[in-house]
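Residue strings, one per chain:
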Amino acid sequence: MSLKGKIAAVVGFIFIVFVVTPWLIATTGRSDLYYTLTSVALLAIAGAGVWVTFYIGRINMGQGAYALIGGYVCAILVVKYGVSFWLSLPLAGLFCAAASVLVGLPILRLRGTYFCMITLVFTEVARLSALALPITNGAKGISNIPLPGPIAVFGIVLVPDFSTLANSRLAFYFLSAGLMVACFAGLYRLVHSRMGQLCLSLQQNEELASSIGVNIANLRVIAYAISSFLGGIGGALFISISQSIYPSSFTVNDSLNFMLSCFLGGLGYVFGPIIGTFVLYFGWDFLFTTGEYQLLIYSTVLIALILVLPNGILSLRPYGWKRGT
Amino acid sequence: MGELLQVTDVTKRFGGLIAVNHVTFSVREGEIVSVIGPNGAGKSTLFKLISSFLRPTSGEVHFKGERISGLAPHIAARRGVVRTFQETTIFKSMSVRDNVITAHHLRSKASLAGFYFGTAVARSDEKEFARSADEIVNFVGLGALAEERASNLPHGHLRALGIAIGLATNPTVLLLDEPFAGMNHEETQRAIELVRDVRGRGVTILLVEHDMPAVMKISDRIVVLNFGERIAEGTPQEIQNNDNVIEAYLGRVDESIGL
């Protein structure tokens with residue numbers, strides 16, 4: 001795609017997300033869709049993290065763990081220590097990144113299914129820890145999380161207190177969609193910078209990468225930390241909206257869905273997780289009317305999609321679009 | 001011409017198997033040295049020991065007087081000892097040019113964050129990598145295929161790409177893993193020329209190889225391994241007339257059974 005085409009696509013996307021969608025929802029009165037779209041946005045952020053680990057050649061089935069950890073860190077900071085949500089949000093991400101460095105150093109030496117199995121276990125470990133630790137309040141969880149407060153610089157209110165808003169759903173939608181756009185812009189830059197090229201070199205051949213002088217252990221941990229940071233951000237956003245978190249807020253199922261959204265959107269495309277999450281989420285809701293057959297139809301369609309489009313939905317691009325755009 | 005690379009009394013055991021047994025030799029600046037030996041002689045293991053992909057059980061490898069054995073491979077590469085691989089080890093989904101651009105990693109002055117934010121240093125690095133990659137791709141004779149996906153290259157060209165990737169790191173010593181294996185006569189001739197040209201750029205070369213005629217043609221000195229031990233070392237003429245070598249390759253004359 002030409003530069004002009006790219007700019008047009010970006011402007012068009014932002015216009016649809018921030019202008020057309022709210023307008024459509026306002027005219028149709030389907031304000032329940034805000035919740036759905038907000039969820040898609042925050043799940044896509046966590047999915048983006050999984051995509052990063054795919055990009056260095058690792059199958060990550062443990063993103064649910066980081067979403068859960070991020071959610072709890074944010075909840076505990078806000079509720080127990082009275083820290084502002086706006087500070088807790090990045091702190092939750094950073095906590096997850098730090099945790100993933102400790103975990104990642106030993107396990108990133110594993111490849112293929114071995115790495116995949118270990119990360120799968122993480123989600124369960126995180127859930128059981130949340131049940132057992134005193135600070136997470138066990139199975140009762142944390143359920144009295146206040147809405148995000150105002151951001152004011154020198155007395156000028158930049159973001160109003162969410163609890164004073166008539167339509168906090170719209171505010172959450174703008175928050176999640178805004179962060180999603182920022183996250184994918186950052187990811188796009190990463191993939192198209194030299195750092196992305198080095199990540200790709202890891203994905204293709206780690207031995208060759210180390211022979212050309214790449215510190216592969218370091219780069220793997222950096223990529224995994226970015227991945228977990230995004231997982232934590234996704235989790236923290238989730239709790240601010242649901243105003244509660246329980247050990248079962250993110251389960252193995254969610255971990256698998258994050259991974260699936262990457263597959264479904266296309267591993268070769270930065271924006272794959274957005275499309276993947278959107279299709280996964282809306283596909284499931286759409287099939288609600290089929291009742292007991294919901295799961296059956298859903299899984300059949302997913303299997304068919306992966307069989308027919310092994311490179312993801314985005315491989316159905318219009319002629320002339322290049323890989324990776 | 002000083003000694004650039006010294007392999008001193010290196011031994012590698014895998015459990016009960018001694019793959020490399022007290023091997024000592026050295027490589028001088030600007031030489032082409034070959035390591036040969038029958039299958040299973042320990043050539044590949046020795047190769048990995050020198051490039052720090054394996055850690056020796058005992059003994060040391062020194063480069064410019066500093067120990068490099070036991071370091072991580074990327075650190076040995078940073079010092080200037082870089083290995084190539086056999087043909088399939090390339091960045092398959094990248095173009096030929098991108099393979100070589102990526103391999104310029106050691107020449108970067110900017111940090112990863114610098115590249116991410118596109119600082120002035122990073123941009124000048126990128127410009128320089130692109131220029132240098134084009135030069136190297138043309139040098140190894142892949143100029144016409146620069147935009148081709150690397151996995152589509154035929155056999156002989158993959159080897160050239162491997163050498164191009166090695167050259168991009170700006171090595172002092174380039175270790176070549178069987179650069180002539182599986183080539184026909186004509187391809188071997190071209191590869192020999194290429195290796196000589198690489199030496200012409202000021203790169204010292206150590207290669208492990210099976211193809212005896214090619215080795216005889218190209219090497220300044222040859223080290224012969226058998227059952228993990230160094231059994232001979234010398235110029236191609238000396239090696240051709242060495243009894244130990246002939247015995248290792250052809251077998252011993254055993255008078256008791258009339259052979």
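Residues numbered from 1 in each chain as written. Chains lettered and ligands numbered in written order. Predicted model: local features only at pLDDT ≥ 70, side-chain atom pairs only at ≥ 80, totals over all residues.

## Considering the overall build of chain B
Here is the rule: Put simply, DSSP H or I for four residues or longer makes a helix, DSSP E for two residues or longer makes a strand, and each gets a number counted from the N terminus. In this setup the radius of gyration rests on C-alpha atoms only. A globule is expected at 2.2 Å times the number of residues raised to 0.38. Labels follow a simple rule on C-beta atoms placed from the backbone: if 20 or more others lie within 10 Å of a residue's own, it is buried; if 12 or fewer, it is exposed; otherwise it is partly exposed. Throughout, a residue-residue contact means that the two C-beta atoms, derived from backbone geometry, are no farther apart than 7 Å.
The helix and strand inventory of chain B stands at 10 helices and 10 strands. Here the C-alpha radius of gyration of chain B, 20 Å, is about what a compact globule of 259 residues would show, namely 18 Å. The C-alpha extent of chain B, read off along each of the three principal axes, is 75 × 40 × 35 Å. For chain B, the proportion of its 259 residues judged to be buried stands at 43%. In chain B, 65% of the contacts between residues at least 6 apart in sequence involve partners at least 24 apart.

## Section: the pairing of strand β1 (residues 3-14) of chain B
Where a strand is regular, its side chains alternate between the two sheet faces. Residue and element names in this part refer to chain B. Under the convention used in this document: Each pair of strands is called paired provided DSSP finds at least two bridges between the two strands.
Pairing geometry for β1 and strand β2 (residues 17-28), over 8 bridges, is antiparallel. Opposite V10, over in β2, you have V23 as the bridge partner. Hairpin connection from β1 to β2: 2 residues lie between these consecutive antiparallel strands, with G15 at a positive phi of about 60°.

## A short note on the domain arrangement of chain A
All names here are of chain A. We count it as follows: Domain borders in the structure are assigned automatically or taken from a domain database. Polarity classes work like this: nonpolar for Ala, Val, Leu, Ile, Met, Phe, Trp, Tyr, Cys and Pro, charged for Asp, Glu, Lys and Arg, and polar for all others, with Gly in that last group.
Here chain A is partitioned into domain 1 (1-30) and domain 2 (35-253). Here domain 1 and domain 2 have C-alpha centroids that lie 26 Å from each other. The residue inventory of the side of domain 1 that touches domain 2, partitioned by class, reads 4 nonpolar, 1 polar and no charged.

## Quick look at the sheet that holds strand β8 (residues 204-208) of chain B
Residue and element names in this part refer to chain B. Condition: Lines fitted to C-alpha atoms define the axes, with helix axes restricted to the stretch in contact, and inter-axis angles between N-to-C directions lie between 0 and 180 degrees.
Spatially, the 6 strands line up as an open sheet ordered β6-β7-β8-β3-β9-β10, and their pairing is mixed. Edge positions in the sheet fall to β6 (81-83) and β10 (229-234), since each of these pairs with one other strand and no more. Each adjacent strand pair in this sheet contributes to an overall mean axis angle of 20°, direction not counted. Pairing geometry for strand β3 (residues 32-36) and β8, over 4 bridges, is parallel. Paired with I32 across the bridge in β8 is I205.

## Let's talk about the nonpolar core
Filter applied, for reference: The nonpolar core is taken to be a set of buried Ala, Val, Leu, Ile, Met, Phe, Trp, Tyr and Cys residues joined by way of C-beta atoms within 7 Å.
Counting 165 residues, the largest nonpolar core has A:I45, B:V100, B:L161 and B:A164 as the members making the most contacts within it. By residue number, the principal contributor to this core is helix α9 (residues 216-242) of chain A, which donates 16 residues. Setting aside residues up to four positions removed in sequence, A:I45 forms contacts with A:L179, A:M180, A:C183, A:L230, A:I233 and A:G234.

## Observations regarding the packing of helix α3 (residues 63-81) of chain A against helix α4 (residues 85-107) of chain A
Residues and elements named next belong to chain A. How we decide: Each angle is binned into one of four classes, with values under 35 degrees roughly parallel, values over 145 roughly antiparallel, values of 65 to 115 roughly perpendicular, and all other values oblique. Note: crossing handedness is left-handed where the near helix turns anticlockwise from the far helix by less than a right angle, and right-handed where it turns clockwise.
Where α3 contacts α4, the axes come no closer than 8 Å and their chain directions differ by 140°. With respect to each other, α3 and α4 are oriented oblique. Once α3 is placed against α4, the crossing between them reads as right-handed. Across the interface between the two elements, Y66, I69, G70, V73, C74, L77 and V78 of α3 pack against F85, S88, L89, L91, A92, G93, F95, C96, A99 and S100 of α4. Tallied by class, the residues present in the contact of α3 with α4 amount to 13 nonpolar, 4 polar and no charged.

## Looking at the interface of chain B and chain A
How big an interface is tends to be expressed through the accessible area that disappears when the partners come together. Of the residues lining the interface, 23 residues belong to chain B; the matching set on chain A comes to 20 residues. Of all elements in the fold, only α2 (73-79), β6 and α4 (112-117) of chain B reach the threshold of two or more residues within the side of chain B that touches chain A. When residues in the side of chain B that touches chain A are grouped by element, the largest group, 4 residues, is from α2(B). Grouping the amino acids of the side of chain B that touches chain A by side-chain chemistry returns 13 nonpolar, 6 polar and 4 charged.

## Some points on the domain arrangement of chain B
Residue and element names in this part refer to chain B. With domains assigned, chain B is organised as domain 1 (1-80 + 171-259) and domain 2 (88-170). For domain 1 and domain 2, the distance between their C-alpha centroids amounts to 27 Å. Domain 1 puts 11 residues into the contact, and the matching count from domain 2 is 11 residues. Where the side of domain 1 that touches domain 2 is concerned, the elements lending two or more residues are α2 and α7 (185-200). In terms of residue count, the dominant contributor to the side of domain 1 that touches domain 2 is α7 (4 residues).

## Digging into unusual backbone geometry
Residues and elements named next belong to chain B. Even without being glycine, H22 reaches a positive phi, approximately 45°. With phi around 60°, N170 is a residue other than glycine that occupies positive phi space. Here N170 lies in the loop between α6 (155-168) and β7 (173-177).

## Here we look at helix α1 (residues 43-50) of chain B
Residues and elements named next belong to chain B. The buried fraction of α1 is high, at 7 of 8 residues. Those residues of α1 that fall on the buried side of the exposure criterion are K43, T45, L46, F47, K48, L49 and I50. Directly beyond the C-terminal end of α1, a positive phi value near 65° is found at S52.

## Focus: the environment of A:L89
All names here are of chain A. Among the secondary structure elements, L89 is positioned in helix α4. Sequence-wise, L89 and L24 are 65 residues apart; in three dimensions their C-alpha atoms are separated by 30 Å. With near-sequence residues (within four places) excluded, L89 lies in contact with C74, I233 and A236.

## Quick notes on the sheet that holds strand β4 (residues 58-63) of chain B
Backbone hydrogen bonds are what pair the strands of a sheet, in a parallel or an antiparallel way. Residues and elements named next belong to chain B. Strand order in the open sheet made by the 4 strands is β2-β1-β4-β5, with antiparallel pairing throughout. This sheet does not close on itself; its edge strands, each paired only once, are β2 and β5 (66-67). Sitting on the sheet, α1 is in contact with β1, β2 and β4, with an inclination near 60° to β2.

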